[in-house]
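Geometric and topological summary
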Amino acid sequence: MGFAVRNNVDLTSANTLRLPVHAQYYCEVYVDEEIAEAIAYAEARDLSLTILGDGSNVVLPPRIEGLTLHMRSQAITQEENLITAASGVNWHSLVMRLCEDGLCGLENLAGIPGSVGAAPVQNIGAYGVQVEETIVSVGVYDRLDGCTRVLSRDDCCFGYRDSIFKGAHRDRLIVTRVSFALSDHFEPITSYRDLQGADVTTPLSMATLVTRVRKGKLPDPTTTPNVGSFFKNPVLSESTYTAFRLTHPEAPEGVTSDAGTKIHAAWLIEQCGLKGHRVGGAMVSSQHALVIVNAGKATYRDIRLLAAHVQDVVSDRFNLSLEFEPTFYGN
Ligand SMILES: Cc1cc2nc3c(=O)[nH]c(=O)nc-3n(C[C@H](O)[C@H](O)[C@H](O)COP(=O)(O)OP(=O)(O)OC[C@H]3O[C@@H](n4cnc5c(N)ncnc54)[C@H](O)[C@@H]3O)c2cc1C
């Protein structure tokens, strides 16, 4: 494909919120060697670097200063049940292909937009499964020393919508490939409300069902631009959860794990009457309270103001703070 840097590139169609965005400099990277070339290019000109996948979990400012690197590598290799996919591979296509081959473990994560390289960044999860459960290692390019290395699952410090890539080493570690250990043995995970009682006998039938359920629940980003859940579900300590339930016995029950009890951010937002609330072109989806949509000509500022408003209202009413799920760029 050849490494080429372009300037003043319109990325409006490269982010699923469809915010009007221009990158000062932009290049697509198809092979690992081009990462080093891109970084050398940026360093020689003292440019900052922004890593972009399919733009389905970012809130981008009107202008991204520096060099934006779009990960596009497409290789997929397989050794028995160990699958390694390059960061630019489309996530949903990979899941469907593996499910068609009878490989199990990713079927509940079908239908999530985005690229393979971004999957470990926020440890994508849905319908009772998180991607960390099948990841064995993540290949990275480390900008600190210009070396490529392989991180184990433990090295990645996965948490709820969190990892080392989102926190301490954001913009330092560039994910180049992800390896997954899958199984031949299908054990359907149907604990999630929408899947309970589902009659599924193969990973493909589960992936197809999950995709259908998702389509009915979430606004479609191709017609109603959005980034999926805008807020994480708050995770409460035992004592805080007990106090919350005493004050709000009508709230849906939380889900308890070692980390604490996760409660439903969508319920909190809905109770505040925020569904359909607008700031300029940004709106809390009337279909799903966790989603902020671009209802027409929304600006970066509209999205920021609306998101902050939701946080403030929920905090005033419930004394709980909501954390953003997508990554914000700009000020
Ligand atoms: C309709 C809809 C539904 C969604 N549902 C879910 C869901 O159920 N569960 C869920 O977890 N998420 C969900 N999401 C969020 C999103 O799909 C995921 O977070 C996805 O993994 C983002 O992939 P991307 O390629 O678009 O990443 P981008 O949005 O391009 O990037 C996201 C972040 O990852 C970083 N990044 C991207 N690629 C790399 C790389 N190769 N190396 C290092 N950093 C990188 C970027 O710098 C950025 O900070 C949903 C989004 C939408 C629009």
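Note that the structure is a prediction, hence the values are computed from the model and not measured.

**Here we look at the domain arrangement of the chain**
When its domains are assigned, the chain resolves into domain 1 (6-71), domain 2 (76-214) and domain 3 (219-328). A C-alpha centroid distance of 25 Å is found between domain 2 and domain 3. Each partner contributes to the interface: domain 2 provides five residues, whereas domain 3 provides seven residues. When the area that domain 2 buries against domain 3 is broken down by residue, the three leading residues are Y160, K166 and R170, summing to 69%. Run the count over domain 2 and domain 3 and you get one salt bridge. Note that E325 and R161 form a salt bridge whose closest N and O atoms lie 3.8 Å from each other. Remark: the boundary between domain 2 and domain 3 carries three residue pairs in polar contact (both at pLDDT 80 or more). When grouped by side-chain class, the residues that make up the side of domain 2 that touches domain 3 number one nonpolar, one polar and three charged.

**Overview of the sheet that holds strand β17 (residues 278-279)**
Read across the sheet, four strands follow the order β13-β19-β18-β17 without closing on themselves; strand pairing throughout is antiparallel. Across the chains shown, the open sheet's two edge strands, defined by having one partner strand only, are β13 (226-229) and β17. Sheet analysis places β17 next to strand β18 (residues 282-284), joined by two bridges and oriented antiparallel. Across the sheet, the residue bridging to R278 is M283, located in β18. Packing against the sheet, helix α6 (residues 300-318) makes contact with β17, β18 and β19 (291-294), and its axis sits at approximately 30° to β18.

**Section: the packing of aromatic side chains**
Inspection of the entire model under this criterion finds 11 aromatic pairs. Look at F230 and F324: their rings are 5.8 Å apart centre to centre, the planes differ by 80°, and that puts the pair in the edge-to-face class. Taken as a pair, F230 in the loop between β13 and β14 (235-236) and F324 in the loop between α6 and β20 (327-328) lie far apart in primary sequence, 94 residues in all. Overall, F230 belongs to the buried group, its relative accessible area being 0%. The exposure class assigned to F324 is partly exposed, which follows from its relative accessible area of 23%. Here the aromatic residues F230, F231, F324 and F328 are joined through ring pairs into a cluster of three or more. Here the guanidinium or amino end of R45 rests over the ring plane of Y41, the centre of that ring lying 3.6 Å away. A cation sits over an aromatic face here: R170 above Y329, 4.7 Å from the ring centre.

**Focus: the site of the ligand**
Close contacts around the ligand come from 34 residues, with I51, G53, S56, N57 and S115 the closest. A distance of 2.7 Å is found between an oxygen atom of the ligand and a backbone nitrogen or oxygen belonging to I51. A distance of 2.7 Å separates an oxygen atom of the ligand from a polar atom in the backbone of N57. In the complex, the protein chains occlude 95% of the 980 Å² of accessible area that the ligand would expose alone. Taken together, the elements giving at least two residues each to the shell around the ligand come down to β3 (49-52), β8 (125-126), β12 (173-181) and β13.

**Some words on the sheet that holds β14**
Note on sheets: strands pair through backbone hydrogen bonds, and any given pair is parallel or antiparallel. In space, the three strands of this open sheet follow the order β14-β16-β15, with antiparallel pairing throughout. Only two strands of the sheet have a single neighbouring strand rather than two, namely β14 and β15 (255-257). Two strands pair when backbone bridges link them, and β15 and strand β16 (residues 260-262) are joined in this way by three bridges, in the antiparallel orientation. In the strand pairing of β16, S257 is matched with G260.

**Digging into the pairing of strand β10 (residues 135-142)**
Among the eight residues in β10, seven count as buried, and that is most of the element. Sheet topology places β10 next to β12; seven bridges connect them, and they run antiparallel. Counterpart to V140 in the pairing with β12 is V175. Where β10 lies against strand β11 (residues 147-152), six bridges are found, and the strand directions are antiparallel. Residue pairing for β11: V140 is matched across the bridge by R149. What sits between β10 and β11 in their antiparallel hairpin is a turn of four residues, with G146 showing a positive phi close to 70°.

**Notes on the nonpolar core**
F244 and I269 are the most contacted members of the largest nonpolar core, which totals 46 residues. When residues of this core are sorted by domain, at least three fall in each of domain 1 (6-71) and domain 3 (219-328). Counting 44 residues, the second-largest nonpolar core is a separate cluster that includes L103, I135, V140 and A207.

Procedures and definitions
- Residues numbered from 1 in each chain as written.
- Predicted model: local features only at pLDDT ≥ 70, side-chain atom pairs only at ≥ 80, totals over all residues.
- Heavy atoms only, no water.
- Domains from an automatic or database assignment.
- Contact = heavy atoms within 4.5 Å.
- Buried area = accessible area lost by both parts, 1.4 Å probe.
- Salt bridge = Lys/Arg side-chain N within 4 Å of Asp/Glu carboxyl O.
- Polar contact = N/O pair within 3.5 Å; in protein donor to acceptor, adjacent residues only side chain to side chain.
- Nonpolar A, V, L, I, M, F, W, Y, C, P; charged D, E, K, R; others polar.
- Pairing = 2+ DSSP bridges.
- Helix = DSSP H or I, 4+ residues; strand = E, 2+ residues; numbered from the N terminus.
- Axes fitted to C-alpha atoms, helices over the stretch in contact; angles between N-to-C directions.
- Phe/Tyr/Trp six-rings, centres within 6.5 Å; stacked < 30°, edge-to-face > 60°.
- Buried < 20%, exposed > 50% of the residue type's maximum accessible area, 1.4 Å probe, protein only.
- Lys NZ or Arg CZ within 6 Å of the ring centre and 35° of its normal.
- Near = heavy atom within 4 Å.
- Areas by Shrake-Rupley, 256 points an atom, 1.4 Å probe, with all protein chains shown as cover.
- Core = buried A, V, L, I, M, F, W, Y, C linked by side-chain atoms within 4.5 Å.

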